[in-house]
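Inside the fold
Given next are the chains, with one letter for each unit.
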Amino acid sequence: ELGRTGERLGMAVYGVGGFVRDLLLDIDNQDVDITVEGDGILFAETFARQHGCRVRSHQAFGTAVLVLPTGGKLDIASTRLEFYESPGVLPTVERSSLRRDLHRRDFTINTLALCLNPDRFGRLIDHYGGQKDLREKMVRVLHNLSFVEDPTRCFRAVRFEQRLGFHLEPHTEGLLRTAVRMGLVERVGGKRLLGELTSILREREPLPAVRRMAALGLLPFIHAELRFGDDVEHLFAESERALAWYELLYLPTPVEAWAVYFLALTDRLDSPKYRETCTRLAMPGRWLQRLFGHRHRAIKHFQALRQGLRGGVSIANSRVYALLRNIPIELLLYGLARSGQEELRRLVSHYLVRLAHVTLLSTGADLHDIGVPPGPSFGRIKERLLAARLDGEVRSRDDELEFARR
Ligand code: ATP
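Worth saying up front: this structure is predicted, and the values here are computed from it rather than measured.

**Looking at the environment of A48**
With respect to the helices and strands, the residue A48 is situated in helix α3 (residues 40-51). Measuring from C-alpha to C-alpha, the distance between A48 and L68 comes to 8.4 Å, with 20 residues separating the pair along the chain. In this structure, A48 is in contact with C53, V55 and L66, ignoring residues within four places of it in sequence.

Here is the structure:
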């Protein structure tokens, strides 16, 4: 259908990049990238009108996102060719413009394009030897200055290599190592660096890629003192276990696995260095507030729990609740991964399953009616009531009101 719209508009339409790569590797990829030779926005809007899709256009980039009725998404880009200036010589301009577009890409395996127009449907465009490198399982740059042009490609190279079980082509590895030696990655802005790091940590199995980043000398660009060793290996394995354990609890709160791995990776950094890392990566304020900014508190509270467990007496529910509430799930799993203690796991699961959602049976109005004055003491009384309820000292609304009266 995309090809037919293209045909009607006189534009060549291609599936490109990761989508074609994965198609040839027989890997499922729902992220379809389309490149149109011509006005991509006009193409997207025409297609959307004809097929009842929603469309979001970005005029400045000549790109659009098509949201299909099924919920799937298609990214549409233009090759930015001088389409209107030379419609008469379309066929040659067409090919060269696609070629130029593909030339900007990172690795040969991402330069394949699949024509979708009906007259050439399924024809594979391979200007840079992408098929051969797919067969030989090689990640290869298109030219010697690739990593200089964009040093984030160092991280991308590692990601594709490890995900696909490929190898860096030897010359490419040499270029990457040179880029590292020259400190080029230092120039990468925090936001882009964070983007590449999260992409790596979002991989199904991030550990091999982290190991490889370390071997290639990429970790110090995240923080000069970031190291990789047996302790990180161990913590990643424990994080994976904690994540698997959490999944089996079938709780509704979703978890960002990459964030748990990020905490594992930076575990050895003390608080100031951890904060420097967050600054280097231009960590968005909302992430700091919601999650990463709470690392110190989480570590302290887990220490308190461990001490409590060492005491031998059981820890009151209200104490567990006070220590764990407001600690985001990712930090709870990080805390578990660091300790690896079975007893602690039981406590956290008890908290998540039984305690976290306990609420009072009496309402604010009830408390008001029995004469609890509004103001700060109101909140304190509610806290004490909740603690009593968590510890089983009150069991009904009447118990609660009786307790509050006292
Ligand atoms: P994934 O399966 O992880 O989504 P992908 O190949 O689709 O892999 P993206 O990061 O989504 O990867 O990028 C889409 C395409 O854009 C890539 O195939 C690549 O050709 C191109 N690309 C992305 N980033 C760069 C870059 N820094 N330099 C050159 N090309 C890039």
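Once the structure has been displayed, the description carries forward.
**With respect to unusual backbone geometry**
Although it is not a glycine, D26 adopts a positive phi angle of roughly 60°. Tracing the sequence through the fold places D26 in the loop between α2 (18-25) and β2 (32-37).

**Here we look at the site of the ligand**
The local shell around the ligand holds 17 residues, among which R21, D150, R153, R159 and R163 are the closest. D106 places a main-chain nitrogen or oxygen 3.1 Å from a nitrogen atom of the ligand. Between the ligand and R159 there is a distance of 2.8 Å, counted from an oxygen atom to a side-chain nitrogen or oxygen. About the coverage of the ligand: the protein hides 75% of its 590 Å² of free accessible area. Looking at the shell around the ligand residue by residue, the class counts come to one nonpolar, four polar and 12 charged.

**Details of the packing of aromatic side chains**
For the coordinates displayed, the defined rule picks out eight aromatic pairs. Look at W258 and F292: their rings are 5.7 Å apart centre to centre, the planes differ by 50°, and that puts the pair in the tilted class. Here W258 is found in helix α12 (residues 257-265), whereas its partner F292 is found in the loop between α14 (285-290) and α15 (295-310), with 34 residues between them in sequence. Summarising the burial analysis for this pair, W258 and F292 share the class buried. Above the face of the F160 ring, R159 is positioned so that its terminal group lies 4.9 Å from the ring centre. A cation over an aromatic ring shows up here: R295 above the ring of Y274, its NZ or CZ 4.0 Å from the ring centre.

**Topic: the sheet that holds strand β4 (residues 63-67)**
Spatially, the seven strands line up as an open sheet ordered β3-β4-β5-β2-β1-β6-β7, and their pairing is mixed. Each edge of the open sheet is held by one strand with a lone partner, namely β3 (54-58) and β7 (124-125). In this structure, strand β1 (residues 12-16) lies alongside strand β6 (residues 113-115), joined through three bridges in antiparallel fashion. Each residue of the ladder has a partner; that of Y14, found in β6, is C115. The strands touched by α2 within the sheet are β1, β2, β6 and β7, with β1 carrying the most contacts at an inclination of about 65°. Sheet contacts for α3: β1, β2, β3, β4 and β5 (73-78); angle to β3, the most-contacted strand, approximately 170°.

**Focus: helix α13 (residues 271-280)**
Among the residues making up α13, those that are buried are Y274, T277 and C278. Mapping the buried residues of α13 onto a view down its axis gives an arc of 100°, with all of them on the same face. Across α13 from its buried face, at more than 90 degrees, point the exposed residues R275 and T279. The inward-facing, buried residues of α13 contact α12, α14 and α15. Where α13 begins, the side chain of D270 points an oxygen toward the backbone nitrogen of K273, at a separation of 3.0 Å. Downstream of α13 by a residue or two, A282 has a phi angle that is positive, lying close to 45°.

**Observations regarding the packing of helix α11 (residues 230-248) against helix α17 (residues 329-339)**
In helix packing, the relevant descriptors are the interaxial angle and the interaxial distance, both defined with respect to the helix axes. Contact geometry for α11 and α17: axes closest at 8 Å, N-to-C directions at 125°. Between α11 and α17, the angle falls in the class oblique. Between α11 and α17 the crossing geometry is right-handed. Contact residues: L235, E238, S239, A242, L243, W245 and Y246 in α11; I329, L333, L336, A337 and R338 in α17.

What counts as what
Residues numbered from 1 in each chain as written. Predicted model: local features only at pLDDT ≥ 70, side-chain atom pairs only at ≥ 80, totals over all residues. Heavy atoms only, no water. Helix = DSSP H or I, 4+ residues; strand = E, 2+ residues; numbered from the N terminus. Contact = heavy atoms within 4.5 Å. Near = heavy atom within 4 Å. Polar contact = N/O pair within 3.5 Å; in protein donor to acceptor, adjacent residues only side chain to side chain. Areas by Shrake-Rupley, 256 points an atom, 1.4 Å probe, with all protein chains shown as cover. Nonpolar A, V, L, I, M, F, W, Y, C, P; charged D, E, K, R; others polar. Phe/Tyr/Trp six-rings, centres within 6.5 Å; stacked < 30°, edge-to-face > 60°. Buried < 20%, exposed > 50% of the residue type's maximum accessible area, 1.4 Å probe, protein only. Lys NZ or Arg CZ within 6 Å of the ring centre and 35° of its normal. Pairing = 2+ DSSP bridges. Axes fitted to C-alpha atoms, helices over the stretch in contact; angles between N-to-C directions. Arc of directions from axis to C-beta. Parallel < 35°, antiparallel > 145°, perpendicular 65-115°, else oblique. Left-handed = near helix turned anticlockwise from the far one by under 90°.

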